[in-house]
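Residue-level structure breakdown
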Amino acid sequence: MEWMKGFVRRHKWKLAILGTGAATVYAAKAYLDGKIRELEQQALEEHISRARRQTHFESNEESCNITVESLLPSLYQALEESLGAVELLAKLRVAPSPDDKPNAKAILWQALSIKVLTGAIAASYSLGLLVVFLRVQLNVLGGYLYISTMPENAAKDPISSEVQRKFLGLVEHLQTQGIQDLIAWIEPVVDEVFQQSKLVVTSSDVDHADIMKLLQEVQMRLEAKVRRHDSPYAAFLLPDHIDEASQPPATDMRTATTAPDFYTLMCETKDVLEAPQFRDSVRACVNKCFHHFDDSIRMRLSTIPRETQEPKKPYLLFQMLPIVKQQTKQLFNPTCGPLAELLTVKEVKELSLSVYESFSNVEHPISPDER
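Residues numbered from 1 in each chain as written. Predicted model: local features only at pLDDT ≥ 70, side-chain atom pairs only at ≥ 80, totals over all residues. Heavy atoms only, no water.

Before going further, it helps to examine the overall build of the protein chain. Within the protein chain, the secondary structure is distributed over 13 helices and two strands. Taken across its 371 residues, the protein chain has 41% of its residues classed as buried. At a minimum sequence separation of 6, the contacts of the protein chain that also span at least 24 residues come to 85%. (Helix = DSSP H or I, 4+ residues; strand = E, 2+ residues; numbered from the N terminus. Buried < 20%, exposed > 50% of the residue type's maximum accessible area, 1.4 Å probe, protein only. Contact = heavy atoms within 4.5 Å.)

So this is what it looks like as structure tokens:
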């Protein structure tokens with residue numbers, strides 16, 4: 001034992017340094033192991049959170065698709081009733097009276113032509129507005145609902161079913177006053193372009209290219225109006241009568257301890273509707289509708305027997321109007337129409353994801369590969 005004590009006395013500083021070093025290495029290893037476990041746990045929690053959010057987002061999108069499809073018949077009916085083309089057609093079917101002006105029928109045909117062409121464009125815009133608006137609306141609400149499911153938000157009041165019902169009911173505005181305002185916005189431009197086109201001469205030959213040229217010219221002028229002035233889309237989708245006295249004080253709903261009320265949800269939605277991304281998404285949907293409309297008219301014309309005319313000879317305008325009206329109705333067909341294409345438009349999907357992430361207050365966004 002004496003030799004061991006002597007060894008310790010002779011080398012005590014070396015042993016002290018060696019012990020300190022070993023203890024430091026052990027402590028560092030324990031710290032690093034703890035950090036690695038902490039990072040692994042954090043990564044696992046983030047992965048689980050992202051997976052939950054992805055599942056919730058996809059469920060939200062599926063609900064939106066089902067809702068859009070269910071609203072197509074009522075939207076088409078609202079469009080037809082607001083256009084008033086049926087009344088003009090009824091007048092054309094009445095035999096002329098001696099008191100009528102010599103060109104009375106020509107005036108009626110021109111008015112009917114403008115109504116039918118307005119209907120085709122209004123159909124494309126209303127479909128685009130419906131698809132993009134419901135994406136925005138359900139993702140605003142879905143983002144807030146996702147937040148309410150988080151454990152740290154258990155103390156917050158959930159959004160009441162009454163507020164949810166009232167908020168989701170805003171889509172009815174498009175099918176009432178909104179569609180009327182949309183037609184009133186489109187029809188003067190159609191009239192202006194129509195008067196400058198060859199279609200104004202009822203005896204002129206017309207083919208599908210002339211119809212599409214007019215529709216595209218109207219769209220260009222409408223888009224120019226949107227760029228020059230504030231976007232009118234919010235007015236077509238949201239009512240403008242809000243009781244000022246019932247408006248709550250401004251607050252950040254992401255840090256508030258109470259659920260957002262109807263007015264707050266509507267204002268949040270209106271902010272998105274006035275953003276450039278919303279305008280771009282609507283334009284992309286309208287382009288899809290026009291492309292589908294062009295293809296469907298081409299196909300329809302190719303199936304009509306032309307025994308009394310030479311092959312490929314253009315139609316007269318009054319012969320084209322029923323075809324345009326028929327293909328306008330087909331735009332609202334969930335099977336034969338462009339609905340499936342509209343639901344997958346790139347700009348719409350990007351806007352949906354952006355809105356959902358913004359209102360679910362996420363720190364780790366869903367990656368594009370996960371969509």
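Don't stop here, the text continues.
Looking now at empty space enclosed by the protein. Counted according to the given criterion, the structure contains one cavity of 30 Å³ or more. Within this model, the largest cavity holds a volume of roughly 50 Å³. Every residue along the wall of the largest cavity is listed here: Glu 80, Leu 83, Ala 85, Lys 115, Val 116, Gly 119, Lys 325 and Thr 328. Listed by contribution, the elements that provide at least two residues to the lining of the largest cavity are α2 (12-83), α4 (104-148) and α11 (317-330). Examining the composition of the lining of the largest cavity, we find that three residues originate from one element, α4, more than from any other. A breakdown of the residues in the lining of the largest cavity according to their chemical character gives three nonpolar, two polar and three charged. (1 Å grid on protein atoms, 1.4 Å probe; cavity = no way out; pocket = protein on both sides within 12 Å on 5 of 7 lines; lining within 4 Å. Points joined across faces, edges and corners; volume = space filled by probe spheres on them. Nonpolar A, V, L, I, M, F, W, Y, C, P; charged D, E, K, R; others polar.)

Tyr 125 and Phe 278 are the most contacted members of the largest nonpolar core, which totals 94 residues. By residue number, the principal contributor to this core is α4, which donates 22 residues. Excluding anything up to four places from it in sequence, Phe 278 contacts Leu 129, Val 132, Phe 133, Val 136, Tyr 233, Leu 237, Val 272, Leu 273 and Leu 351. (Core = buried A, V, L, I, M, F, W, Y, C linked by side-chain atoms within 4.5 Å.)

Tallying each qualifying case throughout the model produces six aromatic pairs. Taking the centre distance of 5.3 Å and the plane angle of 55° together, the rings of Tyr 76 and Phe 332 count as tilted. With a gap of 256 residues between them, Tyr 76 in helix α2 and Phe 332 in the loop between α11 and α12 (339-342) connect regions that are remote in the sequence. For Tyr 76, a relative accessible area of 14% gives the class buried. With a relative accessible area of 6%, Phe 332 lands in the buried category. An aromatic cluster of three or more residues is present, and its members are Tyr 125, Trp 185, Tyr 233, Phe 236 and Phe 278. (Phe/Tyr/Trp six-rings, centres within 6.5 Å; stacked < 30°, edge-to-face > 60°.)

The next thing to look at is the packing of α4 against helix α7 (residues 208-228). Where α4 meets α7, the axes come as close as 11 Å, and the angle between the chain directions of the two elements is 55°. With respect to α7, the element α4 is oriented oblique. Here α4 runs over α7; the crossing is right-handed. Here Leu 117, Ile 121 and Tyr 125 of α4 lie close against α7, whose contacting residues are Ile 211, Leu 214, Leu 215, Val 218, Gln 219, Leu 222 and Glu 223. (Axes fitted to C-alpha atoms, helices over the stretch in contact; angles between N-to-C directions. Parallel < 35°, antiparallel > 145°, perpendicular 65-115°, else oblique. Left-handed = near helix turned anticlockwise from the far one by under 90°.)

Mapping Asn 65 onto the fold places it in helix α2. Sequence-distant contacts of Asn 65, defined by excluding residues within four places in its chain, comprise Arg 135 and Leu 343.

It is worth spelling out α11 at this point. An α-helical turn contains 3.6 residues, so any two residues separated by three or four positions project in the same direction. Taking 1.5 Å as the rise per residue, α11 with 14 residues should run 20 Å; its terminal C-alpha atoms sit 20 Å apart, in good agreement. All of the buried residues in α11 are Leu 317, Met 320, Leu 321, Ile 323, Val 324, Gln 327 and Thr 328. Of the surrounding elements, those touching the buried residues of α11 are α4, α6 (174-195), β1 (205-206), α7, α10 (276-302) and β2 (315-316). (Expected span 1.5 Å × (residues − 1).)

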